[in-house]
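Structure assessment
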Amino acid sequence: MTVPSEHPSGPALRARWQETVERARGGTAAPKDAPDPGPYADDLLRRWAEPQRRYHTTDHLAAILDRVDELAAHAADIDAVRLAAWFHDAVYRPDRSENEERSAHLAERALPELGIGAARTAEVARLVRLTVGHNPAVGDRDGEVLSDADLAVLAGTPEEYAAYAAAVREEYGFVPDAAFREGRAAVLRQLLDLPRLFRTPLGYDRWEAVARRNVTTELGLLTS
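Quick notes on the rules
Residues numbered from 1 in each chain as written. Predicted model: local features only at pLDDT ≥ 70, side-chain atom pairs only at ≥ 80, totals over all residues. Heavy atoms only, no water. Helix = DSSP H or I, 4+ residues; strand = E, 2+ residues; numbered from the N terminus. Rg over C-alpha atoms; globule rule 2.2 N^0.38 Å. Buried < 20%, exposed > 50% of the residue type's maximum accessible area, 1.4 Å probe, protein only. pLDDT = per-residue confidence, 0-100. Contact = heavy atoms within 4.5 Å. Expected span 1.5 Å × (residues − 1). Phe/Tyr/Trp six-rings, centres within 6.5 Å; stacked < 30°, edge-to-face > 60°. Core = buried A, V, L, I, M, F, W, Y, C linked by side-chain atoms within 4.5 Å. Axes fitted to C-alpha atoms, helices over the stretch in contact; angles between N-to-C directions. Parallel < 35°, antiparallel > 145°, perpendicular 65-115°, else oblique. Left-handed = near helix turned anticlockwise from the far one by under 90°. Nonpolar A, V, L, I, M, F, W, Y, C, P; charged D, E, K, R; others polar. Salt bridge = Lys/Arg side-chain N within 4 Å of Asp/Glu carboxyl O.

Moving on, we get to the overall build of the protein. Along its length, the protein carries ten helices and zero strands. Compactness check: the protein gives a C-alpha radius of gyration of 17 Å against a globular reference of 17 Å for 224 residues, within 12% of the reference. Expressed along its principal axes, the backbone C-alpha trace of the protein runs to roughly 60 × 40 × 30 Å. Counting only residues that meet the buried cut, the protein has 50% of its 224 residues in that class.

As structure tokens, then:
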């Protein structure tokens with residue numbers, strides 16, 4: 001398994017985590033007895049580097065954080081969104097359906113220990129749970145930012161999208177081809193049935209058309 005210290009983005013990700021936690025606490029001064037955020041970053045990065053992951057990896061985490069930064073002006077509480085990005089796939093087993101719920105519970109345990117208030121902790125957990133369906137309510141600005149950042153992978157170049165789709169297939173390598181094609185096609189149809197894949201103005205303008213073209217192409221390949 002690739003441990004966080006060996007990953008080239010590990011130190012940069014730890015620094016981003018530290019800055020986010022300090023802001024989320026309300027400043028650089030930690031509340032009395034609040035623990036060092038560093039070991040929490042190490043635990044999360046170890047989770048993101050687990051051997052069963054092929055797409056939901058540390059690279060995916062870094063990419064989502066980058067997209068969140070691009071969309072930051074749209075958010076109501078950008079640091080809650082950043083924290084939710086860290087936690088949204090922190091628990092990930094491709095053979096289980098409760099990953100988002102377990103990830104939300106992890107956030108609900110860890111964030112109060114770090115000195116982050118109850119309201120922001122609740123918002124982070126809500127956002128993590130929202131990634132089940134990527135369908136935030138109208139006006140849910142934080143949800144729109146996280147959902148758009150998570151789905152931005154759909155708008156890659158044909159080569160990038162093919163690599164993404166292949167990595168997803170690898171994560172589900174234990175599933176027979178016919179069953180995988182059926183399940184994956186259902187997921188893609190669900191995405192295409194959304195009135196908009198991307199809810200933020202910037203995300204929609206930048207990614208909607210390309211993402212729909214990529215998803216439609218993959219669906220055609222799966223069902224042909």
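One non-glycine residue with positive phi stands out, namely His134, at about 50 degrees. Position of His134 among the secondary structure elements: in the loop between helix 6 (118-130) and helix 7 (141-151). By relative accessible area, His134 is classed as buried at 13%.

Averaged over all residues, the pLDDT of the protein equals 93, while 94% of them reach at least 70. Under a pLDDT of 50 for its full length, residues 1-5 has, in the predicted model, 13 contacts with residues more than four places off or in other chains.

This part covers helix 5 (residues 99-113). Counting along an α-helix, one turn takes 3.6 residues, and residues three or four places apart therefore face a common direction. Look at helix 5: 22 Å from first C-alpha to last across 15 residues, which is about the 21 Å you get at 1.5 Å a residue. Summarising the contacts, the buried residues of helix 5 are in contact with helix 2 (38-48), helix 4 (78-87) and helix 6. Phi turns positive one or two residues past the end of helix 5, at Gly115, with a value near 90 degrees.

A separate point is the side chain of His88. Within the secondary structure layout, His88 lies in the loop between helix 4 and helix 5. The buried category is assigned to His88, whose relative accessible area is 0%. Here His88 is in contact with Trp48, His60, Ile64, Ser103, Val128, Thr131 and Asp150, once residues within four sequence places are set aside.

What follows concerns the packing of aromatic side chains. Counted under the stated rule, the structure contains seven aromatic pairs. Between Tyr55 and Tyr164 the ring centres are 5.0 Å apart and the planes differ by 70 degrees, which places this aromatic pair in the edge-to-face class. Of this pair, Tyr55 sits in the loop between helix 2 and helix 3 (58-70) while Tyr164 sits in helix 8 (residues 158-171), and the two are 109 residues apart along the sequence. Pair check on accessibility: Tyr55 and Tyr164 agree, each one buried.

It is worth spelling out the nonpolar core at this point. Counting 64 residues, the largest nonpolar core has Trp17, Trp86 and Phe87 as its most contacted members. For this core, the element with the highest residue contribution is helix 4, accounting for eight residues. In this structure Trp86 touches Leu13, Trp17, Leu44, Leu45, Trp48, Leu61 and Leu65, once residues within four positions along its chain are discounted.

Time to look at the packing of helix 5 against helix 6. Two measures define how a pair of helices packs: the angle their axes make with one another and the distance between the axes. Contact pair helix 5 / helix 6: the axes reach a minimum separation of 8 Å and the direction vectors enclose 165 degrees. One element, helix 5, and the other, helix 6, form an angle in the roughly antiparallel class. Here helix 5 and helix 6 pass one another in a crossing that is right-handed. Within the contact between the two elements, helix 5 uses Glu100, Glu101, Ser103, Ala104, His105, Ala107, Glu108, Leu111 and Pro112 and helix 6 uses Thr121, Val124, Ala125, Val128 and Arg129. Residues belonging to the contact of helix 5 with helix 6 are distributed by class as follows: seven nonpolar, three polar and four charged.

With that settled, the discussion passes to the pattern of salt bridges. One pass over the structure, following the stated rule, counts 19 salt bridges. Residues Arg184 and Glu218 are paired through a salt bridge, measuring 2.9 Å at the closest nitrogen-oxygen approach. Of the two residues, Arg184 sits in helix 9 (residues 177-193) while Glu218 sits in helix 10 (residues 201-223), which places them 34 residues apart along the sequence. Pair check on accessibility: Arg184 and Glu218 agree, each one buried. In this structure, a network of salt bridges that share partners links the residues Arg16, Arg23, Asp66, Asp69, Asp79 and Arg82.

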